[in-house]
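Architecture and fold: a report
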Amino acid sequence: MPGLGLKRGLAEDLVIAPYASALALMVAPEDACLNLQRLAREGLAGKFGFYEAVDYTTSRLPAGNRAP
């Protein structure tokens, strides 16, 4: 929802919020479950569950890493 942000350039950022997939479980359970499984495989869950957000913005990734 980059258009709702107060900062300019948010449309160029790629930030994933795993909780959005959890909310989607009620609407599209199979797709949401597959997405949560993928996020878990990629190591985006910690001791207490999924991270709040994951930043895949190319300019902020370490050298040699790519967004999925």
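Note: the structure precedes this text.
Let me begin by describing the structure that accompanies this report.

Cut-offs and rules
- Counting restarts for each chain: residues are numbered from 1 in the order of the written sequence.
- The predicted origin of the model limits local features to residues at a pLDDT of at least 70 and limits the giving and counting of side-chain atom pairs to 80 or more, whereas totals for whole chains, interfaces and linings rest on all residues.
- The side-chain quantities take in all heavy atoms of the structure and omit both hydrogens and water.
- In the cavity and pocket records, a cavity denotes points on a 1 Å grid over the protein atoms alone where a 1.4 Å probe fits but cannot get out, a pocket denotes an open set with protein on both sides within 12 Å along at least 5 of 7 lines, and lining residues are residues with an atom within 4 Å of a point.
- Grid points are joined across faces, edges and corners, and a volume is the space filled by probe spheres set on the points.
- Where helices and strands are cited, they refer to DSSP runs of H or I of at least four residues and of E of at least two residues respectively, numbered from the N terminus.
- Side-chain classes follow a simple rule in which Ala, Val, Leu, Ile, Met, Phe, Trp, Tyr, Cys and Pro form the nonpolar group, Asp, Glu, Lys and Arg form the charged group, and the remainder, Gly included, forms the polar group.
- What counts as a salt bridge is simple: a side-chain nitrogen of Lys or Arg found within 4 Å of a carboxyl oxygen of Asp or Glu.
- Only protein chains enter the accessibility calculation, which uses a 1.4 Å probe; a residue whose area is less than 20% of its type maximum is buried, one above 50% is exposed, and one in between is partly exposed.

**Describing the layout of surface pockets**
Estimated volume of the second largest pocket: approximately 150 Å³. For the lining of the second largest pocket, the secondary structure elements donating two or more residues are helix H1 (18-24) and helix H2 (29-41). A per-class count over the lining of the second largest pocket returns seven nonpolar, two polar and two charged.

**Some details on the pattern of salt bridges**
Within this structure, the stated rule accounts for one salt bridge. The shortest N-O distance in the salt bridge between Arg-38 and Glu-42 comes to 3.1 Å. Its relative accessible area of 38% is what places Arg-38 among the partly exposed residues.

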